[in-house]
Amino acid sequence: MPIKKILVVDDSPTERYFLSELLTRHGYAVSVAESAEDAGGKIRSAPPDLILMDVVMPGQNGFQFTRELARDPATQAIPVIICTSKSQQTDRIWGLRQGARDYVTKPVKAEELLEKIAALG
């Protein structure tokens, strides 16, 4: 399934803007959420083709929300790329164990992110 609609889940307005601009310029339809709770409603009403997930957010963190999405039959087919400042190898392994398909560290390199998205599509 080609990836057209991407949901960016990040509590940082700067990161949401940067990622939205980058992805829109490359032809993706982008929606944003500032928390896992906000994202949950958007995913149910209009499921995206891909989710870019921050980890450090108020309330439910990105690892917890990724695990929840991966275990739910209604959302487990939606790929998640974790997009975070947590750059330790243990964080990467943990994120992938929660069900993420890939892991990108901030500051995001545009070319790297776009290649990872293309590889999933």
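Refer to the structure presented above.
Residues numbered from 1 in each chain as written. Predicted model: local features only at pLDDT ≥ 70, side-chain atom pairs only at ≥ 80, totals over all residues. Heavy atoms only, no water.

**Describing the packing of helix α1 (residues 13-25) against helix α5 (residues 110-120)**
- The N-to-C vectors of α1 and α5 enclose an angle of 60°; their axes lie 11 Å apart at closest approach. Here α5 runs oblique to α1, going by the angle between their axes. Remark: the crossing between α1 and α5 carries right-handed chirality. Each of L19, L22 and L23 in α1 lies in contact with α5, whose residues at this interface are A110, L113, L114 and I117. (Axes fitted to C-alpha atoms, helices over the stretch in contact; angles between N-to-C directions. Helix = DSSP H or I, 4+ residues; strand = E, 2+ residues; numbered from the N terminus. Parallel < 35°, antiparallel > 145°, perpendicular 65-115°, else oblique. Left-handed = near helix turned anticlockwise from the far one by under 90°. Contact = heavy atoms within 4.5 Å.)

**Considerations on the environment of G99**
- For G99, the location among the structural elements is in the loop between α4 (89-97) and β5 (102-105).
- The spatial distance from the C-alpha of G99 to the C-alpha of L120 is 14 Å, given a sequence separation of 21 residues.
- Residue contacts for G99: discarding those within four places in its chain leaves T66 and A70.

**Focus: the pattern of salt bridges**
- Within the structure shown, the criterion is met by 6 salt bridges.
- Note that D10 and K106 form a salt bridge whose closest N and O atoms lie 2.7 Å from each other. Of the two residues, D10 sits in the loop between β1 (5-9) and α1 while K106 sits in the loop between β5 and α5, which places them 96 residues apart along the sequence. Of the two residues, D10 and K106, both sit in the buried class.
- A salt bridge links R92 to D102, with the shortest nitrogen-to-oxygen separation between them at 3.9 Å. You can see R92 sitting in helix α4 and its partner D102 sitting in strand β5, a full 10 residues away along the chain.
- Taking the relative accessible area as the measure of exposure, D102 reaches 17% and is therefore buried. (Salt bridge = Lys/Arg side-chain N within 4 Å of Asp/Glu carboxyl O. Buried < 20%, exposed > 50% of the residue type's maximum accessible area, 1.4 Å probe, protein only.)

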